[in-house]
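# Observations on the three-dimensional arrangement
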Amino acid sequence: AVTSPPCGQCRQLLKELHRSENLEILVAKSGAKSISLEELLPHGFGPKDMDQSSALGVPVDNTLSFLEGQHADDHLAALALESANRAYAPYSCCPSGVALLLASGE
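For every chain, the first residue of the written sequence is number 1, and numbering continues from 1 along that sequence. Reporting in this predicted model follows two pLDDT cut-offs: at least 70 for local features of residues, and 80 or more for side-chain atom pairs to be given and counted; totals over whole chains, interfaces and linings ignore these cut-offs and use all residues. Side-chain metrics in this entry use all non-hydrogen atoms of the structure; hydrogen atoms and water are not considered.

What follows deals with the nonpolar core. Among the nonpolar cores identified, the biggest contains 7 residues, and these are Leu 14, Ile 25, Val 27, Ile 35, Leu 37, Leu 40 and Leu 41. The helix count covers DSSP runs of H or I at least four residues long, the strand count covers runs of E at least two residues long, and both are numbered beginning at the N terminus. Among the secondary structure elements, those contributing two or more residues to this core are strand 1 (24–27) and helix 2 (37–40). Residues within four places of Ile 25 in sequence aside, it is in contact with Val 2, Leu 14, Lys 33, Ser 34, Ile 35, Leu 37 and Leu 40. The definition of a nonpolar core used throughout is a set of buried Ala, Val, Leu, Ile, Met, Phe, Trp, Tyr and Cys residues joined through side-chain atoms within 4.5 Å. The rule is simple: take the accessible area with a 1.4 Å probe, protein chains only, and divide by the maximum for that residue type; under 20% is buried, over 50% is exposed, in between is partly exposed. Residue contacts are counted whenever heavy atoms from the two residues lie within 4.5 Å of one another.

Bringing helix 1 (residues 8–16) into the picture now. Along helix 1, the positions that sit buried rather than exposed are Arg 11, Leu 14 and Glu 16. Those residues of helix 1 that are buried are in contact with strand 1 and helix 2.

Along the chain, the position of Ser 20 falls in the loop between helix 1 and strand 1. Look at Ser 20 and you get buried, because its relative accessible area is 8%. Each polar contact in these results corresponds to two N or O atoms within 3.5 Å; when the atoms are within protein, one needs to be able to donate a hydrogen and the other to accept it, and residues that are neighboring in sequence are counted only if both atoms are side-chain atoms. One polar contact links the side chain of Ser 20 to the main-chain carbonyl oxygen of Lys 15, over a distance of 3.2 Å. Other than its neighbours up to four places away in sequence, Ser 20 contacts Leu 14, Lys 15 and Leu 37.

Below is the structure:
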């Protein structure tokens, strides 16, 4: 439930969700009326429009790996690779990941 209809960026994010076609949004300002995402975002564009099977919120494994012998003992690089393997990238089909090491060692 929301107090006002979602902004355009939020509507697009909602369109990216798995099973977004079933999404109903309760808008309090409209007298607690339930509105479908299709009503809020007519002619929306999402992963299915590009024949992508993935969706935001659905676990993915991009099956990326390092070349043999590269970054074998680099814990930070391994974390970045793990992140890239979970990345949602339906439009570019170019998953990427990042890992940061703080000055505190965390």
